[in-house]
Amino acid sequence: MYNLLSANFARLRKSRAFYVAVAAMLLYALFVVGTCWRAFLSGQPFEAGMEDLLLFAFATARVIPTPAFMTAPLVSVFLGAEFSDGALRNKLIAGRTRTEIYFANLLTCMGAALLLAMVYIVLTFAAGMPVLKGFRIPIPQVLALLGAGLLALCAYGSVLNMAAMLMGNKANTAILTLTAAVVVTVFLGITLERLDAPEFTAIYDITGRYIEERIPNPAYIRPPARAGYEFLLDLFPTGQCLRLSVQEVEKLWRLPLLSLAVIAGSSGVGLAVFCRKDLN
């Protein structure tokens, strides 16, 4: 297993896709920090803490799970090359088991996702600290949020690894994972918008005066359906990232448990199918 991991990370360091993903994350970090510096230098009121910048490592203002769109093509190209270049077959000929290969690739995917996030976190912390006035919330809470987000990225890497190992074609895997990321992001955005709907609303006449100040809002999701929607958001790794990016997490303790469940479930399904996959 150690030799497989060493070979994977050595190949990752030589991968052009890896450096493209790192460059994209650096540009994203510079954009976020540059926005803070521009507001600071122009004298505009800017009320934010370091935690706000750091948590953007998981999503952009609860709108776009940015790391998801950078990690998906990287994993697809990296693992897809194992099938197209014959590396996977060579590993089997050398006596490596499919279980060892699968978990070595799983750890590599997780490591790549974490590394991209750390590139952002380190850069924004170093460049943002002179502008922002420290943290607005306790540091242990910041660390808990960051830890939950990093584990969510590991869960996302596990899902990507499953998709890549089962499809075996980097072009098809890239298309599938990116399409799935877009569809899931749109779905999660609609779900978040529904959850944000107020329980009561108001009706105005054509002059703008209140006709009725409080009427039930038909778009409001009521219990127990509300709990189901929130659970679904927390189950998706990208859903966790969206909520963590703006600190909208009521049950933080639940996120790591769900991430571990996603890792276990996707790894179990992926390994079971991969062990029966025809590699010819």
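Residues numbered from 1 in each chain as written. Predicted model: local features only at pLDDT ≥ 70, side-chain atom pairs only at ≥ 80, totals over all residues. Heavy atoms only, no water.

Student: What is the right way to read the nonpolar core from this model?
Tutor: The tendency in soluble globular proteins is for nonpolar side chains to be buried as a group. Formed by 62 residues in total, the largest nonpolar core has its most connected members in F58, L74 and Y120. Listing elements by their share of this core, those giving two or more residues are α1 (2-13), α2 (16-41), α3 (50-55), α4 (66-84), α6 (98-128), α7 (139-167), α10 (237-245) and α11 (254-274). For this core, the element with the most residues is α7, which contributes twelve residues. With residues near it in sequence (within four places) discarded, F58 still touches P65, T66, P67, L145, L146, G149, L150, L153, C241 and L244. (Core = buried A, V, L, I, M, F, W, Y, C linked by side-chain atoms within 4.5 Å. Buried < 20%, exposed > 50% of the residue type's maximum accessible area, 1.4 Å probe, protein only. Helix = DSSP H or I, 4+ residues; strand = E, 2+ residues; numbered from the N terminus. Contact = heavy atoms within 4.5 Å.)

Student: Before we go on, may I ask you to explain a nonpolar patch on the surface in this structure?
Tutor: Among the surface-exposed residues, V182, V186 and I190 lie close enough to one another that they form a single nonpolar patch of about 250 Å² accessible area. By secondary structure assignment, the location of I190 is in helix α8 (residues 170-196). (Patch = residues over 30% accessible without salt bridge, like charges linked within 9 Å, V, L, I, M, F, W, Y side chains within 5 Å. Areas by Shrake-Rupley, 256 points an atom, 1.4 Å probe, with all protein chains shown as cover. Salt bridge = Lys/Arg side-chain N within 4 Å of Asp/Glu carboxyl O.)

Student: What am I meant to see in the packing of aromatic side chains here?
Tutor: The geometry of two aromatic rings is summed up by the distance between their centres and the angle between their planes. A complete count under the given rule lists five aromatic pairs for this structure. An angle of 70° between the planes, with centres 5.3 Å apart, marks the rings of F18 and Y19 as edge-to-face. Geometrically, the ring pair formed by Y28 and Y120 is stacked, given 5.2 Å between the ring centres and 25° between the ring planes. Residue Y28 is found in helix α2, and its partner Y120 is found in helix α6; the two are separated by 92 residues along the sequence. Residue Y28 shares its accessibility class with Y120, and that shared class is buried. Taken together, the ring pairs in this structure connect Y102, F103 and F274 into an aromatic cluster. (Phe/Tyr/Trp six-rings, centres within 6.5 Å; stacked < 30°, edge-to-face > 60°.)

Student: Which parts of the structure should I look at to understand the packing of α7 against α11?
Tutor: Helix packing for two helices is described by the angle between their axes and how far apart those axes are. As a packed pair, α7 and α11 sit with axes 9 Å apart at the nearest point and diverge in direction by 15°. One element, α7, and the other, α11, form an angle in the roughly parallel class. As α7 packs across α11, the resulting crossing turns out to be left-handed. Residues A148, L151, A152, C154, A155, S158, V159, M162, M165 and L166 of α7 touch α11, and the partners they reach there are L255, P256, S259, L260, V262, I263, S266, S267, V269, G270, V273 and F274. Residue classes in the contact of α7 with α11 are distributed as 17 nonpolar, five polar and no charged. (Axes fitted to C-alpha atoms, helices over the stretch in contact; angles between N-to-C directions. Parallel < 35°, antiparallel > 145°, perpendicular 65-115°, else oblique. Left-handed = near helix turned anticlockwise from the far one by under 90°. Nonpolar A, V, L, I, M, F, W, Y, C, P; charged D, E, K, R; others polar.)

Student: Is there a simple way to explain the environment of E230 in this structure?
Tutor: Within the secondary structure, E230 sits in helix α9 (residues 225-235). A sequence separation of 72 residues divides E230 from S158, and the C-alpha atoms of the two residues are 22 Å apart. Each residue touching E230, except ones within four places of it in the same chain, is listed here: L195, R243 and R254.

Student: Looking at this structure, I do not really get unusual backbone geometry. What am I missing?
Tutor: Trans is the prevailing form of peptide bonds, just as negative phi is the prevailing case for residues other than glycine. A positive phi is found at Q247, a non-glycine position, where the angle reads about 60°. Along the chain, Q247 falls in the loop between α10 and α11. Given the relative accessible area of 26%, Q247 is considered partly exposed.

Student: How should the side chain of D52 be read in this particular structure?
Tutor: Relative to the elements of secondary structure, D52 occurs in helix α3. Polar contacts involving the side chain of D52 include one to the side chain of R136, which spans 2.8 Å. A polar atom in the side chain of D52 sits 3.1 Å from the side chain of Q247. In this structure, D52 is in contact with R136 and Q247, ignoring residues within four places of it in sequence. (Polar contact = N/O pair within 3.5 Å; in protein donor to acceptor, adjacent residues only side chain to side chain.)

Student: Is there a simple way to explain α10 in this structure?
Tutor: Because the α-helix completes a turn every 3.6 residues, residues three or four places apart line up on one side. Summarising burial for α10: nine of the nine residues are buried, a large majority. Those residues of α10 that sit buried are P237, T238, G239, Q240, C241, L242, R243, L244 and S245. Directly after α10, the chain includes Q247, whose backbone phi takes a positive value near 60°.

Student: Quick question: what am I supposed to make of the pattern of salt bridges here?
Tutor: Close approach of charged atoms allows side chains of opposite charge to pair. Considering all chains together, one arrives at five salt bridges under this definition. R136 is paired through a salt bridge with E51; the nearest N and O atoms lie 3.3 Å apart. Placement of the pair is R136 in the loop between α6 and α7 and E51 in helix α3, with a sequence separation of 85 residues. Residue E51 is classed as buried on the basis of its relative accessible area of 1%. When salt bridges with common partners are traced through the structure, they connect E51, D52 and R136 into a single cluster.

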